[in-house]
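One letter stands for each residue in the lines below.
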Amino acid sequence: MYSELIVMVRSGKEDIDEARHFIEVNHGGELFGLIDMVLIDRDTTGKITYQMRWKEGDYPFNSHGRLASTFAEVIFDNSRAEERRQLVEAGLDPFFLRKVSEAFNPDSLAYLIHIPRESLLDSRRFLEILEAQQGDLYHTTFRSQVEEVLLRQTG
């Protein structure tokens, strides 16, 4: 089985809480036990802020929440190019990374969603719902080796 990453990039200033609210309303809040989401905001100066959609206590026996936040930081932080290269070597799609990076300009908002391979979520349905939003949608799948490399990077 494969884990999945979905990234939606939206240009223009939008309240991060509105983006979170849209997803929660359209999913009845039910999916957040199955996925991990990070909201990423890049202001007009290029400064990036991350808001995690999980709490430390939500994952007492696994590292899913930590994976979502680390994926976001490695993908969107330009100073972590070496770590991105290691993920590509482990099997993460370089085309996916390039397209996401090109789309995430100053004054934009993105949300990164990590769907673990153990999840029972039908990601096709989830993607259909996201496609109804304005923004650029990116999706990739990958084997567990990518997550293993990411966990080693974080110690």
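Residues numbered from 1 in each chain as written. Predicted model: local features only at pLDDT ≥ 70, side-chain atom pairs only at ≥ 80, totals over all residues. Heavy atoms only, no water.

Draft legend 1. View of the nonpolar core. Counting residues in hydrophobic clusters, the biggest one holds 26 residues, and the most contacted among them are Val7, Phe71, Ile75, Phe76 and Leu112. Mapped onto this core, the elements with two or more residues apiece are strand S1 (3-11), strand S2 (36-42), helix H2 (64-76), helix H4 (94-103), strand S4 (108-115), strand S5 (136-142) and helix H6 (144-154). Here this core takes seven residues from H2, the largest share from any one element. If near-sequence neighbours (up to four positions away) are discounted, Leu112 is found in contact with Leu5, Ile6, Val7, Asp36, Met37, Val38, Ile40, Ala68, Phe71, Ala72, Ile75 and Phe76. The next biggest cluster of nonpolar side chains, apart from the first, holds eleven residues, and it includes Ile6, Phe126, Leu127 and Leu130. (Core = buried A, V, L, I, M, F, W, Y, C linked by side-chain atoms within 4.5 Å. Buried < 20%, exposed > 50% of the residue type's maximum accessible area, 1.4 Å probe, protein only. Helix = DSSP H or I, 4+ residues; strand = E, 2+ residues; numbered from the N terminus. Contact = heavy atoms within 4.5 Å.)

Draft legend 2. Summary view of the environment of Gln153. Looking at where Gln153 falls in the secondary structure, it is placed in helix H6. It is 7.4 Å that separates the C-alpha atoms of Gln153 and Glu83, two residues lying 70 residues apart in sequence. Not counting residues up to four positions away in its chain, the partners in contact with Gln153 are Val74, Glu83, Gln86 and Leu87.

Draft legend 3. Molecular detail of the pattern of salt bridges. Under the defined criterion, the tally for this structure stands at eight salt bridges. A salt bridge links Glu83 to Arg80; the shortest N-O distance between them is 2.6 Å. Glu102 is the partner of Lys99 in a salt bridge, and the nearest nitrogen-oxygen pair spans 3.8 Å. Taken together, the positions of Lys99 and Glu102, both in helix H4 and three residues apart, correspond to about one turn of that helix. Each of Glu73, Arg80 and Glu83 takes part in a single network of salt bridges with overlapping partners. (Salt bridge = Lys/Arg side-chain N within 4 Å of Asp/Glu carboxyl O.)

Draft legend 4. Fine view of the packing of aromatic side chains. Using the criterion set out here, one finds two aromatic pairs in the structure. Between the aromatic rings of Phe71 and Phe142, the centroid separation amounts to 5.4 Å while the plane-to-plane angle is 55°, which identifies the pairing as tilted. Highlighted residues: Phe71 in helix H2 and Phe142 in strand S5, separated in sequence by 71 residues. Note on Phe142: relative accessible area 2%, which makes it buried. Ring plane angle 65° and centroid distance 4.7 Å describe the contact between Phe76 and Phe104, whose orientation is recorded as edge-to-face. (Phe/Tyr/Trp six-rings, centres within 6.5 Å; stacked < 30°, edge-to-face > 60°.)

Draft legend 5. Structural context of the packing of helix H3 (residues 81-90) against H6. At a minimum axis separation of 8 Å, H3 and H6 run at an interaxial angle of 155°. Classified by the angle their axes make, H3 and H6 are roughly antiparallel. Considering the relative orientation of H3 and H6, their crossing is right-handed. Together, Glu83, Gln86, Leu87 and Ala90 of H3 and Gln145, Val146, Val149, Leu150 and Gln153 of H6 make up the contact between the two elements. (Axes fitted to C-alpha atoms, helices over the stretch in contact; angles between N-to-C directions. Parallel < 35°, antiparallel > 145°, perpendicular 65-115°, else oblique. Left-handed = near helix turned anticlockwise from the far one by under 90°.)

Draft legend 6. A look at unusual backbone geometry. Not every positive phi belongs to a glycine, and Asp107 is a case in point at roughly 65°. By secondary structure assignment, the location of Asp107 is in the loop between H4 and S4.

Draft legend 7. Fine view of the environment of Ala110. As for its placement among the helices and strands, Ala110 is situated in strand S4. In sequence terms Ala110 and Arg10 are 100 residues apart; their C-alpha atoms lie 6.1 Å from each other.

Draft legend 8. Main features of the sheet that holds S1. Across the sheet, which stays open at both edges, the five strands sit in the order S3-S2-S4-S1-S5 with antiparallel pairing between neighbours. One side of each edge strand has no neighbouring strand; the edge strands of this open sheet are strand S3 (48-52) and S5. On average, each strand axis in the sheet is tilted by 15° relative to the strand beside it, whichever way the strands run. Two strands pair when backbone bridges link them, and S1 and S4 are joined in this way by eight bridges, in the antiparallel orientation. The residue of S4 that forms the bridge with Glu4 is Ile115. Where H4 meets the sheet, it contacts S1 and S5, and its direction lies at approximately 155° from that of S5. (Pairing = 2+ DSSP bridges.)

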